[in-house]
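Results of the structural survey
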Amino acid sequence: MKFFKKNNREKSTTGGFTLIETFVAITVLVISIMGPFTLVMEGLAISKSTKGQITAMYLAQEAIEYVRNIRDENILTGNNWLTDLNGREVKPDGTTQPCLNCNCIGQECIVNAPVHRDVTTCNGGCDPLLFNSTSKIYGYSSGDPSVFTRTVEINEIPGFENIEVIVTITMTWQEGPNSRTFVVKEHLLNWQ
């Protein structure tokens, strides 16, 4: 009766993974790693973008404060309140004012904030601001070219000549393959 006798030897199992189980485990591992990695990459991109926006905002505010300072100094010293805000001193004979009320295509103005009363025109596009890595100051005097370009427009409001101007600061910068723009407008009054 060997015929009905059970085989006492059990089949040996290897205890390893099959090929399909291995592929599933690798897929789960890759997905679990890629999620946080993607979040970190997005966070770094947003951080870089925010840094550019904050720097542009502060550079624009610096230009507005610079123009406001020149206006205040002019009023306190008894000069015409728009002296040196038009790219050159206001002349009593009414000479052309290249920055004030220009509305010229291709002619823009810049302010070199660290330099006293430096408002000049730049025809055909303005140069980018220079960043001095030693002093950590942006300007046009010294340093390496930065990604930021700052332009200034100063326009009197029609009907309120010699009373109010609109100062428009346009910041442009390159952020990777994208060009970004930031515009700030401020109304200044002749409080004399």
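Reading the values: rules and limits
- Residues numbered from 1 in each chain as written.
- Predicted model: local features only at pLDDT ≥ 70, side-chain atom pairs only at ≥ 80, totals over all residues.
- Heavy atoms only, no water.
- Pairing = 2+ DSSP bridges.
- Helix = DSSP H or I, 4+ residues; strand = E, 2+ residues; numbered from the N terminus.
- Core = buried A, V, L, I, M, F, W, Y, C linked by side-chain atoms within 4.5 Å.
- Buried < 20%, exposed > 50% of the residue type's maximum accessible area, 1.4 Å probe, protein only.
- Contact = heavy atoms within 4.5 Å.
- Phe/Tyr/Trp six-rings, centres within 6.5 Å; stacked < 30°, edge-to-face > 60°.

A short note on the pairing of strand β8 (residues 178–189)
Bridge count between strand β7 (residues 164–175) and β8: 12 bridges; the pairing is antiparallel. If you follow E164 over to β8, its bridge partner there is L189. Hairpin connection between β7 and β8: a loop of 2 residues separates the two successive antiparallel strands, and G176 in this loop has a positive phi of roughly 65 degrees.

Digging into the nonpolar core
F148, I154, V165, V167, I169 and M171 are the most contacted members of the largest nonpolar core, which has 34 residues in total. The leading source of residues in this core is helix α1 (residues 19–77), at 9 residues. Among all residues touching M171, those that are not within four sequence positions of it are A56, L59, A60, L129, F148, T149, R150, R180, T181 and F182.

Digging into the side chain of S49
By the element assignment, S49 lies in helix α1. Exposure remark for S49: the relative accessible area of 15% places this residue in the buried category. The contact partners of S49, leaving out residues within four places of it in the chain, are E175 and R180.

Regarding the packing of aromatic side chains
Counted by the stated rule, this structure contains 3 aromatic pairs. For the pair Y138 and F148, a centre-to-centre distance of 5.9 Å together with 85 degrees between the ring planes defines the contact as edge-to-face. Of this pair, Y138 sits in strand β4 (residues 137–139) while F148 sits in strand β6 (residues 148–156), and the two are 10 residues apart along the sequence. Take Y138: its relative accessible area is 19%, and that puts it in the buried class. The structure contains a cluster of three or more aromatic residues connected by ring pairs, namely F131, Y138, F148 and W173.

A look at the sheet that holds strand β3 (residues 130–132)
Taken in spatial order, the 3 strands make up an open sheet running β4-β3-β5, and their pairing is antiparallel. Across the chains shown, the open sheet's two edge strands, defined by having one partner strand only, are β4 and β5 (144–145). In terms of strand pairing, β3 meets β5 through 2 bridges, oriented antiparallel. Note that in β5 the partner of L130 across the bridge is P145.

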